[in-house]
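As a plain string of letters, each chain reads:
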Amino acid sequence: MLMKTELGSMIRYVEEWEVIIIKMRLKRSGNYEIDMIHGSIMPKLVTFFIPLMLSGVLQLLFNAVDLVVVGKWAGSNALAAVGATTALIHMFSNLMMGVSMGTNVIVARYIALEDQGGTSEAVHTSVAIAVILGVIVLAVGLLFSRGCLVLMGTPADVIDSSAIYMKIYFCGMPFFAVYNYGAAILRASGDTKRPLYYLVIAGVLNAGLNMILVIIFHLDVVGVALATIFSQMVSCVLVVRCLIKTQSIYRLDFRKLHINGPILKRIFIVGIPTGLQSTVINFSNVLLQSSVNSFGPVAMAGYTAANNILGFLYVSVNSITQACMSFTSQNYAVRNIGRIKRVIADCLILECIVSAVLGVSVHCLEQQLLGFYTGSGQVIACGVQIFTYTTITYFLCAIMDCLPGAMRGLGNSAAPMILAILGTVGTRAVWVFLLFPHYRSLDFLFISYPVSWLLSAIMQTVCLFFVFRKSKKSIS
């Protein structure tokens, strides 16, 4: 009897220590997370978006390092070959990233409500979706890369290299998808730091491998594509390991991977319109790329370099948009309409400040920035033409991007998608097919950017007013 009593005491003692250890682990995990539904808003927005912005910059660096290395050590044709694939690659990758926004919104809501079962279902459904989408996009890329490049009018002297680069690059799409969905889960809890750490590691590996494979082994476009795949695989492994090891409610267990129908529907209601919006907008960039291709390899190389730099501006403002979406989603889950208003206002202020500072900085340093990509004066001159119309006006793009993020957080993705298609894609399609043939120049072509941003921003502002009023009534 005494032995049984002592054994029972020992078991209770061990159980108490297990509880203490679990709480300590949860506390350590919580150091990465942000409470989005209590306290001051602006400092938390800044804490959230800066690591997210740096993560986006690092992801772009994968492609930028490819461009810099091939431009400096393999020549303008190799730079044009890689650049000719950019719009197509972004079209497919942004589709997957857009759908992952649905994961961010739904997981954020379950976390705000402290619903462990719902969070687990959303996490495992999301990772399963990522694997399936990654494999589908891989297959599409392998089968249709060259055909798409032909339709875009890619010049004969670069199309073979472009097709090889795209096919190899698409082999990394499953890794790319799983990383982005895993990162969306972490960001739903307010953790934007660990995805950044993983991309730092992957980015350093990507840069090192680029140097080795291109400069030492002379693999040109093949080398930079292989380096990117390996980097994406590393970032994927790191984020999956994080989700498996965490003690938070969003823990990943491969044995539980499955598709939950109702949660899949909720993710797709938010994610599919967002993904389609990104895809269709990138299709409008494909139209512009096709028009640029008609000016030859020099213009293509200039557009490639300029467009890559503009990409850094976009991920900076889009990180605030994602912060807006996450904060709005969590506060909508707990029915805090007053806080949602303050979140949207603070995000718009941040968007305008960041886009204005970055846009003016790029405008002032355009020659030096383009010089990182190429030593050709003609290529740099083409890039400068593009910057003339797209840097100072970039705050319009920031406003246009932020407002749909707020609407997605409120659960409405369809309306901003339709308006984005009408405002951005519609304007650029009219520009390319109806106006550009009569005024053939790079200057006229890229005036379409600020015009489309302005029209879209106006329409999205009106739409947000009605979506917000409808959401307020549903909460009441």
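Engineer: Help me understand the overall build of the protein in this model?
Structural biologist: Along the protein, the regular secondary structure elements total 18 helices and zero strands. Taking 23 Å as the expected radius of gyration for a compact globule of 476 residues, we find that the protein reaches 23 Å, a close match to that expectation. Along the longest, intermediate and shortest principal axes, the C-alpha atoms of the protein span 95 × 55 × 40 Å. In the protein, which comprises 476 residues, the share counted as buried stands at 55%. Within the protein, counting contacts between residues at least 6 apart in sequence, those at least 24 apart form 85% of the total. Carbon and sulfur atoms form 70% of the exposed surface of the protein, whose accessible area is close to 19700 Å². Here the protein contributes 32 positively and 20 negatively charged side chains, and the mean placements of these two sets differ by 7 Å.

Engineer: What's the story with a nonpolar patch on the surface in this structure? I'm lost.
Structural biologist: A contiguous nonpolar surface patch, about 670 Å² in accessible area, is contributed by Trp 73, Met 211, Ile 212, Ile 216, Phe 217, Leu 219 and Leu 226. With three residues, the single largest contributor to the nonpolar patch is helix H8 (residues 193-216). With respect to the helices, strands and loops of the structure, Met 211 is situated in helix H8.

Engineer: How do you make sense of the pattern of salt bridges when you look at a structure like this?
Structural biologist: Between side chains of opposite charge, a pair can form when the charged atoms approach closely. If you walk through the whole model with that rule in mind, you get three salt bridges. Between Asp 160 and Arg 146 there is a salt bridge, and its shortest N-O distance comes to 2.9 Å. With a gap of 14 residues between them, Asp 160 in helix H6 (residues 156-170) and Arg 146 in helix H5 (residues 116-151) connect regions that are remote in the sequence. Judged by its relative accessible area of 45%, Asp 160 falls in the partly exposed class. Across the pair Asp 191 and Arg 194 runs a salt bridge whose closest N-O atoms are separated by 2.6 Å. With relative accessibility at 0%, the residue Asp 191 sits in the buried group. Judged by its relative accessible area of 11%, Arg 194 is buried.

Engineer: Just to check I follow, could you spell out the packing of aromatic side chains for this structure?
Structural biologist: Aromatic rings considered in pairs are described by the distance between their centres and by the relative angle of their planes. Scanning all chains against the criterion turns up 11 aromatic pairs. Seen from their ring centres, Phe 92 and Phe 170 are 5.5 Å apart, and the 80 degrees between their planes marks the pair as edge-to-face. Here Phe 92 is found in helix H4 (residues 86-112), whereas its partner Phe 170 is found in helix H6, with 78 residues between them in sequence. You can call Phe 170 buried: its relative accessible area is 0%. With centroids separated by 5.0 Å and ring planes inclined at 25 degrees, the aromatic side chains of Trp 431 and Phe 444 adopt a geometry described as stacked. Note that Trp 431 is positioned in helix H16 (residues 414-435) and Phe 444 in helix H17 (residues 442-446), a separation of 13 residues in sequence. Exposure class is identical for Trp 431 and Phe 444. Each is buried. Here the aromatic residues Tyr 303, Tyr 394, Phe 446, Tyr 449 and Trp 453 are joined through ring pairs into a cluster of three or more. In this structure, Arg 428 is placed above the aromatic ring of Tyr 449, and the distance from its NZ or CZ to the ring centre is 4.3 Å. The ring of Phe 295 is capped by Arg 440, whose NZ or CZ atom sits 4.9 Å from the centre of that ring.

Engineer: So what exactly am I meant to see when it comes to the confidence of the model for the protein here?
Structural biologist: The predicted coordinates ought not to be read in detail in places where the model reports low pLDDT. When pLDDT is averaged along the protein, the result is 84; 92% of the residues meet or exceed 70. Scored below 50 in pLDDT, residues 1-8 shows zero contacts in the model against residues more than four places distant or in partner chains. Low pLDDT, under 50, characterises residues 10-30; the stretch is placed with seven contacts to residues that sit more than four places away or in other chains.

Engineer: What's the story with the environment of Ala 414 in this structure? I'm lost.
Structural biologist: Within the element layout of this structure, Ala 414 appears in helix H16. Placed 10 residues apart in sequence, Ala 414 and Pro 404 show a C-alpha to C-alpha distance of 9.7 Å.

Engineer: Before we go on, may I ask you to explain the environment of Leu 60 in this structure?
Structural biologist: With respect to the helices, strands and loops of the structure, Leu 60 is situated in helix H2 (residues 42-73). On the basis of relative accessible area, Leu 60 is assigned to the buried category, the value being 11%. Leu 60 has contacts with Asn 308, Gly 311, Phe 312 and Val 315, leaving out every residue within four places of it along the chain.

Engineer: What is the right way to read the packing of helix H7 (residues 173-188) against H8 from this model?
Structural biologist: Helix packing geometry: the angle between the two helix axes and the distance between the axes. Look at H7 against H8: their axes get within 8 Å of each other, and the N-to-C directions meet at 150 degrees. One element, H7, and the other, H8, form an angle in the roughly antiparallel class. Residue-level contacts link Tyr 179, Ala 183, Leu 186 and Arg 187 of H7 to Arg 194, Pro 195 and Leu 199 of H8. A class-by-class count of the residues in the contact of H7 with H8 yields five nonpolar, no polar and two charged.

Engineer: Looking at this structure, I do not really get the nonpolar core. What am I missing?
Structural biologist: The nonpolar side chains of a soluble globular protein tend to be buried with one another. Judged by nonpolar contacts, the single largest core of 110 residues is most densely connected at Tyr 165, Met 173, Leu 370, Leu 445 and Phe 446. The leading source of residues in this core is H4, at 14 residues. By size, the runner-up hydrophobic cluster in this structure holds 30 residues, among which are Ala 323, Cys 324, Cys 463 and Phe 468.

What counts as what
Numbering of residues begins from 1 in every chain and follows the order in which that chain's sequence is written. Only residues with pLDDT of at least 70 get local features here, since the model is predicted, and only at 80 or more are side-chain atom pairs given and counted; chain-wide, interface and lining totals rely on the full set of residues. As a rule here, side-chain values come from all non-hydrogen atoms in the structure, and water together with hydrogens is ignored. Starting at the N terminus, helices and strands are each numbered in turn, a helix being any DSSP run of H or I of at least four residues and a strand any DSSP run of E of at least two. The reference for a compact globule is 2.2 Å times residues^0.38; the radius of gyration itself is calculated from the C-alpha atoms. Exposure is judged per residue with a 1.4 Å probe applied to protein chains only, and the accessible area is read against the type maximum: over 50% gives exposed, under 20% gives buried, and values in between give partly exposed. Residue contacts are defined here by distance: any two heavy atoms, one from each residue, within 4.5 Å place the two residues in contact. Under the convention used here, a 1.4 Å probe and the Shrake-Rupley method define accessible areas, while residue burial counts only the protein chains that appear. Positive: Lys, Arg. Negative: Asp, Glu. His and the chain ends are not part of the count. Where a charge sits is defined by one atom per residue type, namely NZ (Lys), CZ (Arg), CG (Asp) or CD (Glu). A patch consists of residues exposed above 30% relative accessible area that lack any salt bridge, with like charges linked at up to 9 Å and nonpolar side chains (Val, Leu, Ile, Met, Phe, Trp, Tyr) linked at up to 5 Å. In what follows, salt bridge is the name for a side-chain nitrogen of Lys or Arg lying within 4 Å of a carboxyl oxygen of Asp or Glu. Working definition: rings of Phe, Tyr and Trp (its six-membered ring) pair if their centres are within 6.5 Å, and the pair is stacked with planes under 30 degrees apart, edge-to-face with planes over 60 apart, and tilted otherwise. Consider the ring centre and the ring normal. A charge sits over the ring if Lys NZ or Arg CZ is within 6 Å of that centre and within 35 degrees of that normal. The predictor attaches a confidence to each residue, called pLDDT, with possible values from 0 through 100. A fitted line through C-alpha atoms serves as each axis, taken over the contacting stretch for helices, and the angle formed by two N-to-C directions is quoted from 0 to 180°. Roughly parallel here means an angle under 35 degrees, roughly antiparallel means over 145, roughly perpendicular means 65 to 115, and every remaining angle is called oblique. Polar here means any residue outside two lists: the nonpolar Ala, Val, Leu, Ile, Met, Phe, Trp, Tyr, Cys and Pro, and the charged Asp, Glu, Lys and Arg; Gly therefore counts as polar. The set of buried Ala, Val, Leu, Ile, Met, Phe, Trp, Tyr and Cys residues whose side-chain atoms join them within 4.5 Å is what this entry labels a nonpolar core.

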